[in-house]
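In case you want the letters, here they are:
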Amino acid sequence: MFSAHSIEGIVASSFNENSIKNLWDFIWNVFKQNDYNLSPDISDLKELWQLMFNIHNKIKTKPKFILITPKTGSKYDSYMQISLDNKIDGEISRVVLNGYKRADSGDIVKKAIVILV
C-alpha cells in the first residue's frame, strides 16, 4: 500500500490523495471481513488514516478535503453517510469511520460509515 515501509514513507504517501483513498478502502474492507467488529488493528488503521488525511491537508496552502464527521444522536443522512444496519432512517448511535469530501466542490469522496439506533 505504501511505497516505503517506514514513517518517512507513510508521510510521503500522505502527499498523494490516492493513498488516502486507498487506505480508507482498505480499512472498510478489513472491517467488513471482520464481521463489522472494531478490532484494535482497525482502530490503529483509523488513526493512521486520520494522520495521513491531516498531513495531506496541511501541506496544501488551502485544505483540499473536509472531513465528514457525523455526531452521535444526529439524524441519519444517506447523502453523506452509509448505514451498516441497512436502515434508511434513524439516529446515529456510532460513527465507525469518518468520510470526506472535496473542499472546493463539496463532492463526496467517501461517505462516513455509521450505525443507527
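Criteria and thresholds
Residues numbered from 1 in each chain as written. Predicted model: local features only at pLDDT ≥ 70, side-chain atom pairs only at ≥ 80, totals over all residues. Heavy atoms only, no water. Core = buried A, V, L, I, M, F, W, Y, C linked by side-chain atoms within 4.5 Å. Buried < 20%, exposed > 50% of the residue type's maximum accessible area, 1.4 Å probe, protein only. Helix = DSSP H or I, 4+ residues; strand = E, 2+ residues; numbered from the N terminus. Pairing = 2+ DSSP bridges. Axes fitted to C-alpha atoms, helices over the stretch in contact; angles between N-to-C directions. Expected span 1.5 Å × (residues − 1). Contact = heavy atoms within 4.5 Å.

## Some thoughts on the nonpolar core
L23, W24, I27, W49, Y100 and I113 are the most contacted members of the largest nonpolar core, which totals 19 residues. For this core, the secondary structure elements donating two or more residues are helix 2 (17-33), helix 3 (40-58) and strand 3 (92-97). At seven residues, helix 2 tops the list of elements feeding residues into this core.

## Points about the sheet that holds strand 1 (residues 65-68)
Strand order across the open sheet formed by three strands is 1-4-5, with antiparallel pairing between neighbours. Edge positions in the sheet fall to strand 1 and strand 5 (108-110), since each has one partner strand and no second. Here the strands of the sheet are splayed against their neighbours by 35 degrees on average, with no regard to which way each runs. Of the strand pairs in this sheet, strand 1 and strand 4 (residues 99-102) are connected by four bridges, and their pairing is antiparallel. Of the residues in strand 4, the one forming a bridge with I68 is G99.

## Details of helix 2
For helix 2, with 17 residues, the first-to-last C-alpha span of 25 Å sits near the 24 Å given by 1.5 Å per residue. For helix 2, every residue scored as buried is listed here: S19, I20, L23, W24, D25, I27, W28, V30 and F31.

## Comments concerning the environment of E91
Mapped onto the fold, E91 is located in the loop between strand 2 (81-83) and strand 3. C-alpha of E91 to C-alpha of V117: the two residues are 26 residues apart in sequence and 5.5 Å apart in space. If we ignore the near neighbours within four places in the chain, the residues touching E91 are G73, S74, I115, L116 and V117.

## Examining the sheet that holds strand 2
In spatial order, the strands read 2-6-3; together these three strands make up an open sheet with mixed pairing. Both outer strands of the open sheet, strand 2 and strand 3, are each paired with one neighbouring strand and no more. Pairwise comparison of adjacent strand axes, ignoring direction, gives a mean angle of 35 degrees for this sheet. The pairing of strand 2 with strand 6 (residues 112-116) spans three bridges and is parallel. Looking at strand 6, one finds that Q81 is bridged to A112.

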